[in-house]
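Descriptive structure summary
Here is how the chains run, residue by residue.
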Amino acid sequence: MGASESVTRGRELIVEKPMTAALVFIGVVLLLDMLRQLLTGELAISGMLGLIKDGLMRGLVIGLAGIGLSMTYSILNFANFAHGDYITAGAFSGWSVTYLIAGGFGAEANIGSLALVGAGGSVFGGALGVNIVNTPFAVLAGLIVAGSLTIGLALFIDRFMFKPIRDAGGIPLLITSIGVAFALRYLILFVFDSSTRGTTDAGTVPDIRPLVLDGTVPLTLHDGFLVIVAGGLMLGVHFLLQRTKLGKAMRAMSDDESLARITGIPTERVIRSTWIIGGGLTGIAGYMFVLWKGTLSWNDGWLLLLLIFAAVILGGIGSVYGAILGGLVIGLTASTAVIWIPSGFARAAAFVVMILVLVARPQGLFSGRSTA
C-alpha cells in the first residue's frame with residue numbers, strides 16, 4: 001500500500017466514520033503517553049504488567065457472570081437486574097460452606113459464626129487458613145455449593161415471579177427483577193450483616209514472581225485457579241452451544257421463539273436450562289471473585305452488575321462471546337485507567353469506553369451473534 005493510498009483511506013475513515021477515527025486517535029495518544037511514562041520512570045513496567053494482570057482476572061469474572069446475563073436476555077428478552085444479587089447469594093452460600101468445612105464441625109467450633117461467614121468479625125478466613133492450598137476440599141465444596149444454590153435460586157424466582165408475567169413483555173419483567181434484586185440484597189444484609197470481611201489466608205498462597213526489567217509481577221495460585229475455572233467453563237459453554245442439541249435449541253429460540261415453538265422445540269425446557277446454566281455460572285463467578293480478591297461484602301454483586309451490564313452491552317447484548325470479550329475489555333479498562341486518571345474514577349472510565357465504542361459501533365463488538 002502506497003503512501004497516497006494510506007492517506008486516501010485515512011481521509012475516508014475520518015469523513016465516513018468520524019467516531020471510529022476519534023477512538024483510534026485517543027487510543028494512540030494514550031499509548032504514546034504510557035510509553036512516555038515508562039521511559040521517564042513515572043510508570044514501572046512491573047506496575048503496568050500488574051495492572052494488566054489484575055484487569056484480565058477481573059475481566060474473566062465479569063465475562064463469566066456476563067454469560068448468564070446475556071443468555072437470559074437472548075432467550076427471555078429482558079434485562080435481569082437481580083443478576084448481581086444472584087452473584088452475592090452464590091458467594092455467601094459458597095463461603096458459608098467453605099468456612100464450615102475449614103473451621104470443622106467439632107464441639108469447639110462456633111457453627112453459627114462459621115455459617116454466617118464470620119459476621120461481626122466473629123471468625124476470620126485468615127485465621128482458618130482458607131485458601132486453595134491449605135483447604136482445597138473446602139474451596140471446591142464451596143464452589144460447587146455456590147453454583148448449585150444459585151441455580152436453585154434462579155429457578156425458584158423464575159417459577160414464582162418471572163413465569164407468571166412472562167407474556168406481559170420485557171418492561172414488567174425488568175421492573176419485577178429490580179424488586180427481586182432489592183429483596184435479595186437486603187435479605188442478605190439482614191442475615192449476614194453489612195461488614196466487609198476478609199475470607200482467605202492470602203499470605204500462605206504460593207506465588208511465582210517472573211522478573212521484568214524493574215521488578216516482579218506476582219502470580220498466585222488463586223490467579224491460576226481463576227483462569228482454569230473461568231476458562232474451562234467458557235469453553236464448556238462454547239461446546240454446549242455449538243455441538244449439542246440443547247445448544248442448537250437455544251440458538252433457534254434466541255433467533256425466533258415463535259418459529260421454535262412451531263418446529264416442536266420444548267421452549268419451557270430451554271428456558272429452564274438457560275436459568276440452570278446462567279445461574280450456575282453466576283454463582284461460581286461470585287465465589288471465584290471473592291476467592292481472588294480476598295474480601296466479601298453484601299453489595300459485591302450490585303457493584304459488579306454495572307460493569308457486567310457494560311460488558312454485555314459493549315460485546316453486543318445477546319451474544320455470549322460478546323459478553324466474554326466485553327468483560328475482558330471492561331476489566332482491563334477499569335484496572336489500567338489508573339495510569340492516566342485517579343483511581344477513584346477508574347470504574348467510570350470503563351463506562352466511558354463502553355459509550356465511545358457504542359457511538360462508533362452501536363450494535364456492539366459481536367453484532368448479530370446472538371447466544372453463540
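Just so it is clear, the model here is predicted, and its values are computed rather than measured.

Focus on the packing of helix α4 (residues 83-103) against helix α8 (residues 170-192)
- Contact geometry of α4 with α8 gives a least axis separation of 9 Å together with a crossing angle of 25°. In terms of orientation, α4 lies roughly parallel with respect to α8. The crossing of α4 and α8 is left-handed. Residues Asp-85, Tyr-86, Thr-88, Ala-89 and Phe-92 of α4 touch α8, and the partners they reach there are Ala-181, Leu-184, Arg-185, Ile-188 and Phe-192.
- Its residues assigned to classes, the contact of α4 with α8 comprises 7 nonpolar, 1 polar and 2 charged.

What about the packing of α4 against helix α12 (residues 267-293)?
- It is the contact of α4 with α12, at a shortest axis distance of 7 Å, that shows an interaxial angle of 60°. Judged by the angle between their axes, α4 and α12 are oblique. In the crossing of α4 with α12, the sense of the turn from one axis to the other is right-handed. Side by side, α4 and α12 meet where His-83, Tyr-86, Ile-87, Gly-90, Ala-91, Gly-94, Trp-95 and Thr-98 of the first sit next to Trp-275, Thr-282, Gly-283, Gly-286, Tyr-287, Val-290 and Leu-291 of the second.

Focus: unusual backbone geometry
- Positive phi, close to 55°, is recorded for Val-117, a residue that is not glycine.
- The residue Val-117 is located in the loop between α5 (111-115) and α6 (125-128) in this model.
- Positive phi, close to 70°, is recorded for Asp-193, a residue that is not glycine.
- You can see Asp-193 is positioned in the loop between α8 and β1 (197-198).

Things to note about the pattern of salt bridges
- Enumeration over the complete set of coordinates arrives at 10 salt bridges.
- Among the salt bridges present, the one from Glu-42 reaches Arg-36, with a minimum N-O distance of 2.8 Å.
- Judged by relative accessible area, which is 53%, Glu-42 ranks as exposed.
- The residue Asp-223 makes a salt bridge to Lys-53 at a minimum N-O spacing of 3.3 Å. Of the two residues, Asp-223 sits in helix α9 (residues 221-243) while Lys-53 sits in helix α3 (residues 45-76), which places them 170 residues apart along the sequence. The burial state of Asp-223 is the same as that of Lys-53; both residues are buried.
- A single network of salt bridges, built from pairs that share partners, joins Asp-158, Lys-163, Arg-166 and Glu-268.

Some words on α8
- Over its 23 residues, α8 extends 32 Å from the first C-alpha to the last, a length consistent with the 33 Å expected when each residue adds 1.5 Å.
- Of the residues making up α8, those classed as buried are Leu-173, Ser-177, Val-180, Ala-181, Leu-184, Arg-185, Ile-188 and Phe-192.
- Looking at the buried residues of α8, the elements they touch are α4, α5, α7 (136-162), β1 and α13 (300-315).
- Asp-193 sits one or two positions beyond α8 and adopts a positive phi of about 70°.

Things to note about the packing of aromatic side chains
- Taken as a whole and judged by the stated rule, the model has 10 aromatic pairs.
- When the ring of Phe-92 is compared with that of Phe-192, the centres are 4.5 Å apart and the planes differ by 35°; the resulting orientation is tilted. Taken as a pair, Phe-92 in helix α4 and Phe-192 in helix α8 lie far apart in primary sequence, 100 residues in all.
- Ring geometry for Phe-182 and Tyr-186: centres 6.4 Å apart, planes at 5°, overall stacked. Taken together, the residues Phe-182 and Tyr-186, both in helix α8 and 4 residues apart, mark about one turn of the helix.
- Tyr-186 gets classed as partly exposed once you look at its relative accessible area, which sits at 42%.
- Counting every residue linked through ring pairs, the aromatic cluster contains Phe-78, Phe-162 and Trp-275.
- When the ring centre of Phe-160 is taken as origin, the NZ or CZ atom of Arg-159, which lies over that ring, is 5.2 Å away.

About the criteria used
- Residues numbered from 1 in each chain as written.
- Predicted model: local features only at pLDDT ≥ 70, side-chain atom pairs only at ≥ 80, totals over all residues.
- Heavy atoms only, no water.
- Axes fitted to C-alpha atoms, helices over the stretch in contact; angles between N-to-C directions.
- Helix = DSSP H or I, 4+ residues; strand = E, 2+ residues; numbered from the N terminus.
- Parallel < 35°, antiparallel > 145°, perpendicular 65-115°, else oblique.
- Left-handed = near helix turned anticlockwise from the far one by under 90°.
- Contact = heavy atoms within 4.5 Å.
- Nonpolar A, V, L, I, M, F, W, Y, C, P; charged D, E, K, R; others polar.
- Salt bridge = Lys/Arg side-chain N within 4 Å of Asp/Glu carboxyl O.
- Buried < 20%, exposed > 50% of the residue type's maximum accessible area, 1.4 Å probe, protein only.
- Expected span 1.5 Å × (residues − 1).
- Phe/Tyr/Trp six-rings, centres within 6.5 Å; stacked < 30°, edge-to-face > 60°.
- Lys NZ or Arg CZ within 6 Å of the ring centre and 35° of its normal.

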